[in-house]
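# Structural description and commentary
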Amino acid sequence: MTNLIEIRDVRHSYQTQSGPLPVLDGLNVTVPTGGFCAVVGPSGCGKSTLTRLIAGLMKPDQGEVWLHGERVTGPRNTVGMAFQNPVLLEWRTILQNVVLPLEIVPTKLSRKQQEDRARYLLALVGLSGFEDKRPSELSGGMRQRASLCRALVHQPEVLILDEPFGALDAFTREDLWQTMHRVKEKEPFTGVLITHDLRESIFLADQVIVLSGRPARTQFVLDVPDTGPRDLDHLYTAQAAEMLHVLRHQIEIAQGRAAA
Amino acid sequence: MRLKAILTPIVAVLVFLSLWEALVWIMGWPNYKMASPSDLVPAYIRYWNLFLVMGWQTLWRTVAGLLLAIVVGTALGMVMGFSRTMRDALYPLLVGFNAIPKATVVPIIALMFVGYHDVNTVLIAFMISFFPIAVSISIGLSTLEPEYRDILRSLGASQSTIFWKIALPKTLPEFFGALKVAVTLAFIGTNLMEIVSPHGRGLGALFDSGKTNADYPLMFAVLIALAFLGIVLYYVVVALEKVFAGWAERTPT
């Protein structure tokens, strides 16, 4: 299996008034095609910087980011992004919001086909009947679903999710986890998920990377065994409890509260 | 409901006019102290053709000044909104310029372009009204959340695509808010020039001639005509806002 995403020994600093502030220092991530990688770590350890590096929105000071065997030097339209803030455009309907990337990315689809694709995705996440509503008429969870559709509409190879469920209540979040599994089955992608929620990481991903505190390096990698289709009951098995315990301990090490 | 929305302001105006009439009548004021609405009717009837000609003069110059203010204000706002350096450089200059009372600028401009009354008037209307537009556009652009840019930038969109698809529409509600302020300011500018410059035209000049001829009801009639034009232009802006930025209005729940 080839690796779609390869991040090799990336180092990066931000320039601040009191000199350079290193945020990433020896980061290594590899995600195989079709894989789903979750990245967890203490707050402010540089997780969002990682997403911007993969998306080509910024360049690392040192090290390399490779996507599909090509070195990333700038933005590329094979990436889809969704953030904690759904950032839907309020003057567009939900359907028009989802179609937006197709207005930027070169596409052979006619306007009608673009809208059909958007409708199909909206139906997939359970938003049928809301196509012509404005974002302000939708709940937080529904907006996040629409934002997910927009990130997928141009069939990106890589889907970058930067804490997309972070601002949602617990039950809505669990609903969206299940939606994610349904979507990945129909619309295959290679995923990178930034999250603070350990349960979310083992429920969605097949690989969980723990970053150390700032400056972040790859501290620990957990492989989540493939046990077939996952439902929420999986989170209450002894195996899940074991994984969560290991991750929890690694986070404490990253926070400097436990010895390695 | 629709009928009520139209009737309410009309009734409010009628109530205001009756209170005004009653006040003048009860106090027994002569019309040089305070003209009453009933004094105005003969003034309108006598000078109706002047009101039409002068009103049109004032209106088109104000609108021309406003259009100029929109073009220049938007350009300045864009420059300041996108560049931190330009913002730091231009703000003190703009604030300083705006702090100069325009009544003091009027004679300077009148001398600078002596004989070009139309140019002078449009220029003052523009100078007094571009500031709020520039400020609102610059604030709208500089407070755009980075995620909005990232969504399009990660797809390889150019700066101008990001401006047309996101930054501009997102700034429209602020822009229309500023335009409502600019409309009334522009009228002040136009009239300052019309009143001050000799051989002026427009409603300001009509007001001035009312003053020289001690025709007090005419002066009050001009003020009401100005208020009327202001209201008309304001509602034109409101209508445009409904078309272009109606999405920003929330239906009360």
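For clarity, every value in this text was computed on a predicted model and none was experimentally measured. (Residues numbered from 1 in each chain as written. Chains lettered and ligands numbered in written order. Predicted model: local features only at pLDDT ≥ 70, side-chain atom pairs only at ≥ 80, totals over all residues. Heavy atoms only, no water.)

## Observations regarding the UniProt feature "transmembrane region" (unreviewed entry) in chain B
Residues and elements named next belong to chain B.
- This chain's UniProt record puts "transmembrane region" (unreviewed entry) on residues 7–28, 59–82, 89–116, 122–144, 175–196 and 216–240.
- The span residues 122–144 is 91% helix and 0% strand, and its two end C-alpha atoms sit 33 Å from each other.
- Counted over residues 216–240, helix gives 100% and strand 0%. Its end C-alpha atoms are 37 Å apart. (UniProt positions renumbered as here; feature names shortened; annotations may be inferred. Helix = DSSP H or I, 4+ residues; strand = E, 2+ residues; numbered from the N terminus.)

## Here's the deal with the nonpolar core
- If you look at the biggest cluster of nonpolar residues, it comprises 100 residues, and the most contacted ones within it are Ile7 of chain A together with Phe51 and Leu203 of chain B.
- Apart from the residues within four sequence positions on either side, Ile7 of chain A is in contact with Leu27, Asn28, Val29, Leu50, Ile54, Glu64 and Val65 of chain A.
- Among the nonpolar cores identified, the runner-up in size contains 49 residues, and Leu122, Leu176, Leu198 and Leu244 of chain A belong to it. (Core = buried A, V, L, I, M, F, W, Y, C linked by side-chain atoms within 4.5 Å. Buried < 20%, exposed > 50% of the residue type's maximum accessible area, 1.4 Å probe, protein only. Contact = heavy atoms within 4.5 Å.)

## Some details on the sheet that holds strand 5 (residues 70–71) of chain A
All names here are of chain A.
- Taken in spatial order, the four strands line up as 2-1-4-5 in an open sheet, and their pairing is antiparallel. Each edge of the open sheet is held by one strand with a lone partner, namely strand 2 (19–32) and strand 5.
- As paired elements, strand 1 (residues 3–16) and strand 4 (residues 62–67) share five bridges and run antiparallel to each other. Looking across to strand 4, one finds that Arg8 is bridged to Glu64.
- In this fold helix 1 (residues 47–54) packs onto strand 1, strand 2 and strand 4, with an angle of close to 120 degrees to the strand it touches most, strand 1. (Pairing = 2+ DSSP bridges. Axes fitted to C-alpha atoms, helices over the stretch in contact; angles between N-to-C directions.)

## Description of the UniProt feature "domain: ABC transmembrane type-1" (unreviewed entry) in chain B
- Using the residue numbers shown here, the UniProt feature "domain: ABC transmembrane type-1" (unreviewed entry) corresponds to residues 55–237 of chain B.
- Within residues 55–237 of chain B, the helical portion is 87% and the strand portion 0%, while the C-alpha atoms at the span's ends are 19 Å from each other.

## Thoughts on the packing of helix 3 (residues 48–82) of chain B against helix 9 (residues 202–212) of chain B
Residue and element names in this part refer to chain B.
- Helix 9 packs onto helix 3 with a crossing angle of 130 degrees between their chain directions and a minimal axis gap of 6 Å. Judged by the angle between their axes, helix 3 and helix 9 are oblique. On helix 9, the residues that touch Leu50, Phe51, Met54, Gly55, Gln57, Thr58 and Arg61 of helix 3 are Gly202, Leu203, Gly204 and Leu206. (Parallel < 35°, antiparallel > 145°, perpendicular 65-115°, else oblique.)

## Some words on the pairing of strand 9 (residues 207–211) of chain A
Residues and elements named next belong to chain A.
- With five of five residues buried, strand 9 lies mostly within the body of the structure.
- Bridge analysis of strand 3 (residues 36–40) against strand 9 gives four bridges, and the strand direction is parallel. Among the inter-strand pairings, Val40 is bridged to a residue of strand 9, identified as Val210.
- Between strand 9 and strand 10 (residues 218–223), which pair antiparallel in sequence order, lie six residues.

## Looking at the sheet that holds strand 3 of chain A
Residues and elements named next belong to chain A.
- Strands sit in the order 6-7-8-3-9-10 across an open sheet of six strands; the sheet is mixed. Whereas interior strands pair on both sides, the edge strands pair on one side only; in this sheet they are strand 6 (79–83) and strand 10. Here the strands of the sheet are splayed against their neighbours by 15 degrees on average, with no regard to which way each runs.
- One ladder, built from five bridges, connects strand 7 (residues 158–162) with strand 8 (residues 190–194); its direction is parallel.

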